[in-house]
Amino acid sequence: MAEKVHITTAITYSNGPPHIGHAYEYLATDSYVRYQRRKLGRENVTFVTGTDEHGDKNYRAALAEGLKPKPFVDRISELFRAAHAGLNISYDYFVRTTDPRHQEFVQRMLQRARDRDEIYYRDYEGLYCVGCERFYTEKELLPGNLCPAHNRAVEFIKEGNYFLRLEKHRAEIRSHVERPGFIRPERYLNEVLNMLAEPIEDLCISRPKSRLDWGIELPFDSNYVTYVWYDAFCAYVSELPDTSDAALSAILPVTEHFIGKDILKTHAIYWPAMLISVGLPVYRCLNVHGWLNYGGQRFSKSSGNVADPLEYEKTYGPDVLRYFMLRDIVYGLDGDFSDERIIERYNADLANDLGNLTSRVLSMTQRYFGGEITSAPGANAEDRALAGVFAAIAEKAGAFTEELAFNRALEVIWQALDAANKYIVATSPFTLAKDRANLPRVAEILATLLEGLRVAADTLEPFMPTAARRILELLAVDEQSARAPYGRGLKPGHRVKPPVPLFPRIEKPHN
RNA sequence: GGCGGCGUAGCUCAGUUGGUUAGAGCGGAGGUCUCAUAAUCCUCAGGUCGUAGGUUCGACUCCUACCGCCGCCA
C-alpha cells in the first residue's frame, strides 16, 4: 500500500479578516503539501484547511458589527477562502465548522465519548473571562479580578458543566508527545512535557446555552453547546469523504498538523485526549511555527500593522511573498517581515539570480541557435561539475523540506543557480560564439545550462509554483520530461522559447 | 519564583561529537565581462563569537555566575 499523508493548517478562528500571519502558515503548509504530493503522488496526500466559526469571540465580533453570527462568519470565511485562492493554496478540503456535515461529526464524537464515560457532568463555579472563554483561578488574575490577557473584569459564574477526562490519560498522552518527531521543531517539546509533568485538570467541554448558544449542541443535553476547541479539532477530519472508524484509524497515524506556537498546548494535550477518549489513534506530528513580526513589532490588530496578504500578491506578483517567507524565516522561530526585506530578497534572488539566469540562457539559445537545442550537455570537467550540482539538488532540497528547513532547501537550489552563473562566465559561450567554428561547443554549454534550469524549476515547484511553471513553459517541456533526472529531460532537436522577464527589478521601495 | 531558549561581521544567520588563520548571503567599496532584468563574475569586512571566571595541552563549541532579550509554567 502506498504511503499516505494527511496535512492540515490550523482551522482559523473567524473573528477577523486574514492577515500576513495566517498567510505564513498557509504558505509554509502548502509548500510542504506540494512537496509531499510530488513524492507520494497526488492521490496519497490530503490537505485540509478551513475556518473555526463558533464560540464566544466570533459571536461578539459579529455583535460588534451589528450582525447575527452566521452572516458574519459567512463573510469572514469567504475572505479566507479568497485569501487561499489568492495565495495559491492547494487545499483539498476547506472545512467550515458551521457545515452540517461537520456538526454531525462533532456530535458523533461527543456522544461516543459520553457513552464511554469519558465525559461526565459536575457543578462548577469560578471566575470566567469571556474574551478568553475560560475560567481563571484567583491567583492567576491581576489585582481587582482582572483577566491577565484582556485586563478586564472577569465574571463569577456558577453552573453545571460537562468535562472530558484528561488526567486519566495523562501518561498515555505523554507517551505520544515523547515519540521522536512528534513535536517539530524539538524546541517546543520541553514546554509540553512540563505541562504533563504534573496532574492536569479535566477539560470543560460544554457551555450553557443560557450564556452562549453559538455552538454545536451536545447530543446528550440540549441545554449546552460544546466548547469551541472540541468543535475545531474535529474539523481536521470531519469532512473527509470517509469518516468511518476504519478510515480514521488509517488516516490519523499519518496526520500532520501545522500550527502556530500559541496553540501548542491545546494541540499537544487536548486533541490527543479527545482521540484517546473515543478510541481513535493519535495523529503523527505537530509542526510548530513561530510568529511574524513587522519591522521588529508583533503583528496585531490594535497596532494597525496587520497587512493584507493579497496586497502583497498584487504588489510583487505570485510566489514572491511565499518565497520570501520560506527563504528568510527559519521554520519554528519568529520571523521578521518588512517591505524592505522583501525587496532585498526579490532583487538579489529572484531578479538577479533566477530571473536573469533564465533570461541570459534563453537569450543565447535564441540568438545563436534560433531557440533549438542542438547538442546534449557537454562532457568536459566543468560541464560535468555543473551537471553534478544540478543533479543533486532535488534530493538535497527534499531532505531539508522533510525536516521543515525550507530556507535550507531553497538555499540548495540557489547554490546551483549561482554555480550556473559562474559557469557562464568561466565558459564564455558569448565569446566563443563570435567564431562560428565554436558553435558546437556553445551548443553543449547551453544544453548543460538549459537542463540545469529545467531541473531547478522542477525542484522549485513546491516553493514557487507559478514561477516554476512559467520557466518550464519557456523551456517548452512536457510534464514528464520536466520531472526527469538531470540529463533525461531536454533533448537535442527540442526548441525553447525566447526569454521574458520573470521578475523585473524593483528599483524603488514601495510604500 | 521554577523550567527552557536566545545573545557570532552594518543586517539576516551557519558554525558538526571542543583542535591549525571564526564562515555564508545581503547591503557597502573597487574592478571585469557584455549573453542577460545597469544583471553576471572577481576582490575587499580584520568581528574581544553578550560579560566575568573555570575545566582542558587547546573552547564560539563543556561548566559556573552575571547582564540583556524572549517563551512556557506557577
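Note that the structure is a prediction, hence the values are computed from the model and not measured.

**Details of the layout of surface pockets**
Where empty space is left can be seen by rolling a probe of water-molecule size over the atoms. Approximately 470 Å³ is the volume attributed to the second largest pocket. Taken together, 17 residues line the second largest pocket, and the ones lying closest to its centre are Arg38, Asp458, Glu461, Glu479 and Arg483. For the lining of the second largest pocket, the secondary-structure elements that each account for two or more residues are helix H1 (20-40), helix H17 (465-474) and helix H18 (479-482). Here the element with the most residues in the lining of the second largest pocket is H17; it accounts for five residues. Inspection of the lining of the second largest pocket shows a minimum of three residues originating in each of domain 1 (5-316) and domain 2 (339-482).

**Here we look at the packing of aromatic side chains**
Tallied over the entire structure, the rule returns 21 aromatic pairs. Relative to tyrosine 224, the ring of tyrosine 121 has its centre 6.5 Å away and its plane inclined at 80°; by these criteria the two rings are edge-to-face. Here tyrosine 224 lies in strand E12 (residues 221-226) and tyrosine 121 lies in strand E5 (residues 119-129), a separation of 103 residues in the sequence. Given a relative accessible area of 8%, tyrosine 224 falls into the buried group. Arranged with centres 5.5 Å apart and planes meeting at 10°, the rings of phenylalanine 233 and tryptophan 271 form a pair that is stacked. With phenylalanine 233 in helix H7 (residues 228-234) and tryptophan 271 in helix H9 (residues 264-277), this pair connects stretches of sequence that are 38 residues apart. Phenylalanine 233 sits in the buried class, given a relative accessible area of 1%. Overall, the relative accessible area of 1% leaves tryptophan 271 in the buried class. Each residue in the set Phe182, Trp229, Phe233, Tyr236, Trp271 and Tyr283 is aromatic and connected to the rest through ring pairs, giving one cluster. Above the face of the tyrosine 13 ring, lysine 57 is positioned so that its terminal group lies 5.2 Å from the ring centre.

**With respect to the protein's contact with RNA strand B**
The environment of RNA strand B is made up of 28 residues, and the closest members are Gly355, Asn356, Arg360, Arg367 and Phe503. Considering the 4 Å shell around the protein, atoms of RNA strand B inside it are sugar or phosphate in 73% of instances. For RNA strand B, a sugar or linking oxygen lies 3.1 Å from a polar atom in the side chain of glutamate 191. A distance of 2.5 Å separates a sugar or linking oxygen of RNA strand B from a polar atom in the side chain of asparagine 356. Those elements that place two or more of their residues in the surface near RNA strand B are helix H6 (189-195), helix H12 (339-369) and helix H14 (406-427). It is H12 that contributes the most residues to the surface near RNA strand B, 13 residues altogether. Of the residues contributing to the surface near RNA strand B, the split by class is ten nonpolar, seven polar and eleven charged.

**Comments concerning the side chain of aspartate 328**
Residue placement: aspartate 328 occurs in helix H11 (residues 320-328). If we ignore the near neighbours within four places in the chain, the residues touching aspartate 328 are Tyr323, Arg341 and Arg345.

**Re the packing of H1 against H11**
Remark: H1 packs on H11, axes separated minimally by 10 Å, with the N-to-C direction vectors making an angle of 85°. Viewed along their axes, H1 and H11 adopt a mutual orientation that is roughly perpendicular. For the pair H1 and H11, contact is made by Ile20, Ala23, Tyr24, Leu27, Ala28, Asp30, Ser31 and Arg34 and by Leu321, Arg322, Met325 and Leu326, respectively. A class-by-class count of the residues in the contact of H1 with H11 yields eight nonpolar, one polar and three charged.

**A look at empty space enclosed by the protein**
The tally for this structure, following the rule as stated, stands at three cavities of 30 Å³ or more. The computed volume of the largest cavity comes to approximately 40 Å³. Of the residues that constitute the lining of the largest cavity, the class distribution is five nonpolar, one polar and one charged.

**Brief notes about the domain arrangement of chain A**
Examined at the domain level, chain A breaks down into domain 1 (5-316) and domain 2 (339-482). Here domain 1 and domain 2 have C-alpha centroids that lie 42 Å from each other. Each side of the interface is counted separately: domain 1 has 15 residues, and domain 2 has 17 residues. A combined buried area of about 1,400 Å² lies between domain 1 and domain 2, and 54% of that area is made up of carbon and sulfur atoms. Looking only at domain 1, the three residues that lose the most surface to domain 2 are Tyr35, Arg38 and Tyr316, adding up to 42% of its buried area. At the junction of domain 1 with domain 2, the criterion picks out four salt bridges.

**What to know about the environment of aspartate 319**
Topologically, aspartate 319 is positioned in the loop between helix H10 (309-316) and H11. What makes aspartate 319 buried here is its relative accessible area of 4%. Along the primary structure aspartate 319 and threonine 401 are separated by 82 residues, whereas in three dimensions their C-alpha atoms are 17 Å apart. Apart from residues lying up to four places away in sequence, aspartate 319 is in contact with Glu313, Met464, Pro465, Thr466 and Ala467.

Rules behind the numbers
- Throughout this description, residue numbers start from 1 for each chain and increase along the sequence as written.
- Each chain is given a letter, starting from A, and each ligand a number, starting from 1, according to the order in which they appear as written.
- In view of the model being predicted, local features appear only for residues whose pLDDT reaches at least 70, and side-chain atom pairs are presented and counted only at 80 or more, with totals across whole chains, interfaces and linings using the full set of residues.
- Each side-chain value is derived from all of the structure's non-hydrogen atoms; neither hydrogens nor water enter the calculation.
- Using protein atoms alone on a 1 Å grid, points that fit a 1.4 Å probe yet trap it form a cavity, whereas open point sets bounded by protein on both sides within 12 Å along at least five of seven lines form a pocket; residues with an atom within 4 Å of a point count as lining.
- Grid points are joined across faces, edges and corners, and a volume is the space filled by probe spheres set on the points.
- Only DSSP runs of H or I covering at least 4 residues are called helices, and only runs of E covering at least 2 are called strands; the numbering of each starts at the N terminus.
- Throughout, the edges of the domains are those of an automatic or database domain assignment.
- Put simply, two rings from Phe, Tyr or Trp (the six-membered ring, in Trp's case) pair if the centres are within 6.5 Å, and we call them stacked under 30 degrees between planes, edge-to-face over 60, tilted for the rest.
- In this scheme, a residue with accessible area under 20% of its type's maximum is buried, one over 50% is exposed, and one in between is partly exposed, where area comes from a 1.4 Å probe on protein chains only.
- Our definition puts a charge over a ring when NZ of Lys or CZ of Arg is within 6 Å of the ring centre and also within 35 degrees of the ring normal.
- Being near a molecule or strand, for a residue, means having at least one of its heavy atoms within 4 Å of it.
- Identification of polar contacts relies on pairs of N or O atoms within 3.5 Å, with a donor-acceptor requirement for protein atoms, meaning one able to donate a hydrogen and the other able to accept it, and with residues adjacent in sequence counted only if both atoms are side-chain atoms.
- Amino acids are sorted into nonpolar (Ala, Val, Leu, Ile, Met, Phe, Trp, Tyr, Cys and Pro), charged (Asp, Glu, Lys and Arg) and polar (every other residue, Gly among them).
- We call two residues contacting when some pair of their heavy atoms lies within 4.5 Å.
- Between the N-to-C directions of two axes lies an angle of 0 to 180 degrees, each axis being a line fitted to C-alpha atoms and, for a helix, fitted only over the stretch in contact.
- Our angle categories are set so that under 35 degrees counts as roughly parallel, over 145 as roughly antiparallel, 65 to 115 as roughly perpendicular, and the remainder as oblique.
- Defined in terms of a 1.4 Å probe, buried area is the accessible area two parts forfeit on being brought together, summed over both.
- Salt bridge criterion: a side-chain nitrogen from Lys or Arg within 4 Å of a carboxyl oxygen from Asp or Glu.

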